[in-house]
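Here is how the chains run, residue by residue.
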Amino acid sequence: MVDTRSASGGDAAEARTLRAASRPSGEGAPYIWTTSLAVVLVLVMLVGIVVLILVNGLRTFWPSPLVEVLLRDGTRYLGEVHAQEAKPQAQRTGRAGAPAEYRTKLKIGNRDLGAADFVWIDNASIKAQRPPSDALVFERLEYGNFYGRLKEVRAGERPVAGGGEEGIATLRRFHRTAAGKRQKLDDLRREQLNIRQPLTNLEREISALRGSRFAVSEEGAAELRRLEPQLGPLQNQLNEKVRPLVVEQERLRRDLEGLRVVMETANGKIASIALADIVRVTQPNTMGMHHKVLHYLGKLIEFIWQQPRESNTEGGVFPAIFGTVLLVFLMTIAVVPFGVVAAVYMHEYARQGRLLRIVRVAVNNLAGVPSIVIGMFGLAFFVYGVGGTIDQLYYSRYLPTPTFGTGGILWASLTLALLTLPVVIVASQEGLAAVPQAYREASLALGTTKWQTIHRVVLPNATPGILTGIILAISRASGEVAPLMITGVVKLAPSLAIDGSWPFLHLDRKFMHLGFHIYDVAMQSPNVEAAMPMVYSTTALLLLLVLALNSVATIVRGKLRQRYAGSKL
Amino acid sequence: MAGSTLEKLTTGMQEAASETSSRSPQAHRPEHLAAIHCENLSVFYGAQQALFNISMDIPRHRVTSFIGPSGCGKSTLLRSFNRMNDVIENVRLEGKVLIEGENIYEPGTHLPTLRKNVGMVFQKSNPFPMSVRDNILFGPRRQGVKNRALLEQIIEDSLRRADLWNEVKDRLHTSALDLSGGQQQRLCIARALANSPRILLMDEPASALDPISTAKIEETIYELKDEYTVVIVTHNLQQAARCSDITAFLYLGKLIEMNETAKVFRNPSNKQTEDYVSGRFG
Ligand SMILES: Nc1ncnc2c1ncn2[C@@H]1O[C@H](COP(=O)(O)OP(=O)(O)OP(=O)(O)O)[C@@H](O)[C@H]1O
Ligand SMILES: [Mg+2]
């Protein structure tokens, strides 16, 4: 250890002292070590969590190989290896100190045949295992994956192909046909719904009125008497209109019913599956790199653009992405003007005195209020207070069924705006404080009014600070879930908040949200294990989304900083 | 004088802002009136008094300089001529300041108009982070001048007067912050001139500049007096001697002596002034 005190006089000695101080062995080394260790720990944890989420989240869509396992007792399993681990001590058979025993977690699917999705297999009980090249995986609309071998493809009542490579090719061909027909069926169904829309509206109106307090009044009863007779004729008229569609759908449905595939499971059970129920056919053990990449991209696109299936554990998360982005967008629109105006008043107009100091402290503390408390306030104030009043004033005929007096994307975004308001105010004030007083004086001395000065000089130069506030607000808001759960988020929203029907933006609607989606799939889904990959992928997506929103704002801020770089003097 | 201070103050900008001003015809303005006249002016920062009973007359179309040791109240006095002291909290003022005969501390004075007519250049150059052009046009635009030809005219005129035109005429669209320090200060002068003020207040305009830039600014100041009344604060006694007609010496918030510059420097009537101008002081 270098004794730094003994180094005295001369440049060389001084240099040595400096070097000694910057080396951990110098004086104060324990502090340097502990502090740097803390930083390293924090970094490791952060990087670790991000890597874990991204790796697990992005790996989900990669096709995993199939294995067929034959146990000593003759049981056969076909599935994907999900995990290998040492057996817990309690389940071990050998003496203490014997080499660790392993077990394997296999995803075997075929939920509809009574099996659980996953089995644990003791490695010691395995007699043989191999990767069968003819094994197929079906992703299905219901009941999760199916694993098995092709026996027969049937069209109508007659078989069109047996097993083997040739059969698989036929299967793929017929599957495409079936998918096309299913698409057609969906289109027809949608068209039918559209045609019947007036009827649906009328029915909804009547049933809402029937249950309302308004119906008891003279006026309401009259309204009902007026509406009810319209129901029959409209029904007849629309039924006439949709009849061809119904017939066509019936025909398609019969066709699809006949398109089936007969499969044999590892244990020799036979299952007949309608091709229309199959989303995707894969033969993972024979896939080349090229196919795997295509498969991956296909799944990724499905994940981002499609609706969820099987109570959110499969399919896509598009409605949740949409809800999250729209929510944050509405929140920003609400919070920015409000926060900036408040900051401008506090920093530029208000007398800088004790009262203002108290207000500042209050605003700072508001930033620390737990989000669930803000959520409760949002529920009481926005949903019941403002929403209830709007219902009283404009939608009273439907009461007690609420229209705006219930959770919805508007109230949720306003609640989030409230949550992030202090952040925006504080950051904006800092932005304003960073504008040199000299600019204000120069502007005022040129004969501008106070407002002109604020508008033309102060605010433009404060934009980097204001944008910092917006960035922080977006980061905070896009990760919040608690306040949303009581102000309108749902696990499955029937329709998006923006669609083609008047008035296009439906602020009263419930919405889905990535954060809540994660919670829902991880904690509330019927098959938590099978839903795990979805949780990882959704988390990764939320992470990337927040990152993207932040980067955009940061880039904009950088551009503005360049423009308003401080004076050289 | 009846309450039309503004009309009288604004007559000078007629040629520049003719399209916006629908103001009364040139009011009678007696030539003997001082540009700035103050009477028993005292200024307080909170409890601390910075100026004590200052009374002075600053004549038209002359350059008047304020000299005195640091902290004696030169800036405070200058800033009370265009009410820039109002920007500072807890400032209190007693006495009168008459700009061309009108008391600017009377309630109802329109500050933007006053400051448009009494322009100011600060000690530290403070161009806005905008292009040269936008800096010059900042005042006129806020005053509501829209005519493009007129705006172009204003740019060239004010830059020429501030002796900057030749240096920046090809880079009017670059950021003002890319100019040199001396150019920035002359830009600030040009920016003040673009408002067509009647009086120009300059607080140590050359203190941060090299001798060449300083000389240029002094030249500019000397030329300006044909059209403007100029008041300049300076620590540089040679500068005061070179470019001002009248010099006022302030000390500890009091006006000690004010006279023709030549007299103040060669033959001061006050002992303190003599000590200060001969460098035997502070
Ligand atoms: N904003 C302020 N708040 C409180 N006191 C101030 C303020 N500005 C100036 N003063 C005080 O008023 C007195 C006069 O200041 P002023 O700035 O007018 O001096 P000055 O003559 O311009 O000095 P210098 O030559 O250094 O610029 C000083 O004692 C100063 O401390
Ligand atoms: Mg000063």
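Remember, predicted model here, so these are calculated numbers, not experimental data.

Definitions and limits used
Residues numbered from 1 in each chain as written. Chains lettered and ligands numbered in written order. Predicted model: local features only at pLDDT ≥ 70, side-chain atom pairs only at ≥ 80, totals over all residues. Heavy atoms only, no water. Helix = DSSP H or I, 4+ residues; strand = E, 2+ residues; numbered from the N terminus. Contact = heavy atoms within 4.5 Å. Areas by Shrake-Rupley, 256 points an atom, 1.4 Å probe, with all protein chains shown as cover. Lys, Arg positive; Asp, Glu negative; His and termini not counted. Charge placed at Lys NZ, Arg CZ, Asp CG, Glu CD. Buried < 20%, exposed > 50% of the residue type's maximum accessible area, 1.4 Å probe, protein only. Pairing = 2+ DSSP bridges. pLDDT = per-residue confidence, 0-100. Near = heavy atom within 4 Å. Polar contact = N/O pair within 3.5 Å; in protein donor to acceptor, adjacent residues only side chain to side chain. Nonpolar A, V, L, I, M, F, W, Y, C, P; charged D, E, K, R; others polar. Buried area = accessible area lost by both parts, 1.4 Å probe. Salt bridge = Lys/Arg side-chain N within 4 Å of Asp/Glu carboxyl O. Phe/Tyr/Trp six-rings, centres within 6.5 Å; stacked < 30°, edge-to-face > 60°. Lys NZ or Arg CZ within 6 Å of the ring centre and 35° of its normal. Axes fitted to C-alpha atoms, helices over the stretch in contact; angles between N-to-C directions. Patch = residues over 30% accessible without salt bridge, like charges linked within 9 Å, V, L, I, M, F, W, Y side chains within 5 Å. Left-handed = near helix turned anticlockwise from the far one by under 90°.

Colleague: Can you lay out the overall build of chain A for me, pointing to particular residues and giving the numbers?
Modeller: Across its full length, chain A holds 15 helices and 13 strands. Here the C-alpha coordinates of chain A stretch approximately 95 × 90 × 45 Å along the principal axes. For chain A, restricting intrachain contacts to residue pairs at least 6 apart in sequence, the fraction spanning at least 24 positions comes to 67%. Total accessible area computed for chain A in this model is approximately 30400 Å², and 62% of it derives from carbon and sulfur atoms. Between the mean site of the 63 positive side-chain charges and the mean site of the 47 negative ones, chain A shows a separation of 5 Å.

Colleague: Outline the environment of Val97 of chain B, listing residues and values.
Modeller: All names here are of chain B. Within the element layout of this structure, Val97 appears in strand β4 (residues 91-99). Given the relative accessible area of 0%, Val97 is considered buried. The residues contacting Val97, other than those within four sequence positions of it, are Ile36, His37, Cys38, Leu41, Ser80, Phe81, Glu102, Asn103, Ile104 and Tyr105.

Colleague: Can you tell me about the sheet that holds strand β2 (residues 48-58) of chain B, naming the residues and giving the values?
Modeller: Ordered by their spatial adjacency, four strands build an open sheet running β2-β1-β4-β5 (chain B), and the pairing between neighbours is antiparallel. Of all the strands in the sheet, the pair left with one neighbour each is β2 and β5 (102-103) of chain B.

Colleague: For the confidence of the model for chain B, give the residues involved together with the corresponding values.
Modeller: Residue and element names in this part refer to chain B. Averaged over every residue, the pLDDT of chain B is 84; the share at 70 or more is 88%. Ranking the elements of chain B by mean pLDDT puts helix α1 (residues 5-10) last, at 38, and strand β3 (residues 63-67) first, at 94. In this model residues 1-30 is a low-confidence stretch, pLDDT under 50, and it forms 46 contacts with partners more than four residues away in sequence or in other chains. Interface scoring of the predicted complex returns ipTM 0.85; its pTM is 0.79.

Colleague: Mind laying out the site of ligand 1, listing which residues take part and the relevant values?
Modeller: All names here are of chain B. Close contacts around ligand 1 come from 13 residues, with Ser70, Gly71, Lys74, Ser75 and Thr76 the closest. Within the backbone of Gly73, one N or O atom sits 2.9 Å away from an oxygen atom of ligand 1. Contact distances for ligand 1 include 2.7 Å between an oxygen atom and a side-chain N or O atom of Lys74. Notes on ligand 1: free accessible area 630 Å², of which the protein chains cover 65%. Elements with a contribution of two residues or more to the shell around ligand 1: β2 and α2 (74-79). Of the residues in the shell around ligand 1, the class split is four nonpolar, seven polar and two charged.

Colleague: Tell me about unusual backbone geometry, residues and numbers included.
Modeller: Despite not being glycine, Asn110 of chain A shows a phi value in the positive range, around 50°. You can see Asn110 of chain A is positioned in the loop between β3 (102-107) and β4 (118-122). Phi is positive for His61 of chain B, which is not a glycine, with a value near 50°. Locating His61 of chain B in the fold gives a position in the loop between β2 and β3.

Colleague: Tell me about the interface of chain A and chain B, and please be specific about residues and values.
Modeller: If you look at the interface, chain A gives 25 residues, while chain B gives 27 residues. For the pair chain A and chain B, the summed buried surface comes to about 2200 Å²; carbon and sulfur atoms form 61% of the total. Where chain A meets chain B, there are one salt bridge. Notably, a salt bridge pairs Arg79 of chain B with Glu441 of chain A, separated by 3.1 Å at the nearest N-O pair. On inspection of chain A and its partner chain B, the count reaches four residue pairs in polar contact (both at pLDDT 80 or more). Elements with a minimum of two residues in the side of chain A that touches chain B: α11 (437-445) and α12 (450-479) of chain A. In terms of residue count, the dominant contributor to the side of chain A that touches chain B is α11 of chain A (eight residues). For the side of chain A that touches chain B, a count of residues per class yields ten nonpolar, ten polar and five charged.

Colleague: Tell me about the packing of aromatic side chains, and please be specific about residues and values.
Modeller: If you walk through the whole model with that rule in mind, you get 16 aromatic pairs over all chains. Look at Phe404 of chain A and Trp411 of chain A: their rings are 6.2 Å apart centre to centre, the planes differ by 70°, and that puts the pair in the edge-to-face class. In this pair, the class of Phe404 of chain A matches that of Trp411 of chain A, namely buried. Put simply, the rings of Phe377, Phe381, Phe382, Phe404 and Trp411 of chain A pair up and form one aromatic cluster. Over the face of the ring belonging to Trp120 of chain A we find Arg103 of chain A, whose NZ or CZ atom lies 3.9 Å from the ring centre. The ring of Phe128 of chain B has Arg191 of chain B sitting right over it, with the charged end atom 4.5 Å from the ring centre.

Colleague: Can you explain the pairing of β3 of chain A? Please cite residues and give values.
Modeller: All names here are of chain A. The buried count for β3 comes to five of six residues, which makes it a mostly enclosed element. For strand β2 (residues 76-86) and β3, the ladder comprises six bridges, and the chain directions are antiparallel. The partner of Val81 across the bridge, within β3, is Leu106. Sheet topology note: the β3/β4 ladder contains five bridges and is antiparallel. Considered in β4, the bridge of Arg103 is made with Asp122.

Colleague: Could you give an account of the sheet that holds strand β1 (residues 66-71) of chain A, with specific residues and numbers?
Modeller: Residues and elements named next belong to chain A. If you walk across this open sheet you meet the five strands as β4-β3-β2-β1-β5, and the pairing is antiparallel. The sheet is open, and its two edges are formed by β4 and β5 (126-130), each paired on a single side. Ignoring strand direction, the axes of neighbouring strands in this sheet form an average angle of 45°.

Colleague: I'd like to hear about the environment of Leu33 of chain B, residue by residue, with values.
Modeller: All names here are of chain B. If you trace the backbone, Leu33 turns up in the loop between α1 and β1 (36-45). For Leu33, a relative accessible area of 21% gives the class partly exposed. For the pair Leu33 and Ile58, spaced 25 residues apart in sequence, the C-alpha separation works out to 9.4 Å.

Colleague: Give me the lowdown on the pairing of strand β8 (residues 158-161) of chain A, citing residues and values where you can.
Modeller: Here is the key point about a regular strand: its side chains alternate between the two faces of the sheet. All names here are of chain A. In the sheet, strand β7 (residues 145-155) pairs with β8 via three bridges, with the strands oriented antiparallel. Residue pairing in the sheet places Val153 in a bridge with Ala161 of β8. In this structure, the hairpin formed by β7 and β8 is closed by a connection of two residues, where Gly156 is found at a positive phi of approximately 65°.

Colleague: Tell me about the pattern of salt bridges, and name the residues and values.
Modeller: Using the criterion set out here, one finds 43 salt bridges over all chains in the structure. Where Arg280 of chain A meets Glu302 of chain A, a salt bridge forms, and the shortest distance between an N and an O atom there is 3.3 Å. With Arg280 of chain A in strand β11 (residues 278-282) and Glu302 of chain A in helix α6 (residues 289-305), the pair connects residues that are 22 residues apart, well separated along the chain. Glu302 of chain A matches Arg280 of chain A in its accessibility class, with the two residues each being buried. With a shortest N-O distance of 3.4 Å, Glu167 of chain B and Lys216 of chain B are connected by a salt bridge. With Glu167 of chain B in helix α6 (residues 165-168) and Lys216 of chain B in helix α8 (residues 211-224), this pair connects stretches of sequence that are 49 residues apart. Using a relative accessible area of 27% as the deciding quantity, one classes Glu167 of chain B as partly exposed. Residue classification places Lys216 of chain B among the partly exposed residues on the basis of a relative accessible area of 27%.

Colleague: Please provide a residue-by-residue account of a nonpolar patch on the surface, values included.
Modeller: Together, Leu41, Val42, Met45, Leu46, Val47, Ile49, Val50, Val51, Val55 and Leu543 of chain A line one region of the surface with nonpolar side chains, adding up to about 860 Å² of accessible area. Among the secondary structure elements, Val51 of chain A is positioned in helix α2 (residues 29-59).

Colleague: Can you tell me about the side chain of Thr64 of chain B, naming the residues and giving the values?
Modeller: Considering the arrangement of structural elements, one finds Thr64 of chain B in strand β3. Setting aside residues no more than four positions away along its own chain, Thr64 of chain B makes contact with Ile58, Pro59, Val230, Val231, Ile232, Ser244, Ile246 and Met258 of chain B.

Colleague: Report on the packing of helix α4 (residues 132-142) of chain B against helix α7 (residues 181-193) of chain B, specifying residues and quantitative values.
Modeller: Residues and elements named next belong to chain B. Two elements in contact, α4 and α7, have axes separated by 7 Å at closest approach and are oriented at 35°. Crossing handedness for the pair α4 and α7: right-handed. Contact with α4, carried on its side by Val132, Asn135 and Ile136, involves Leu187, Ala190 and Arg191 of α7 and no other residues of that element. A class-by-class count of the residues in the contact of α4 with α7 yields four nonpolar, one polar and one charged.

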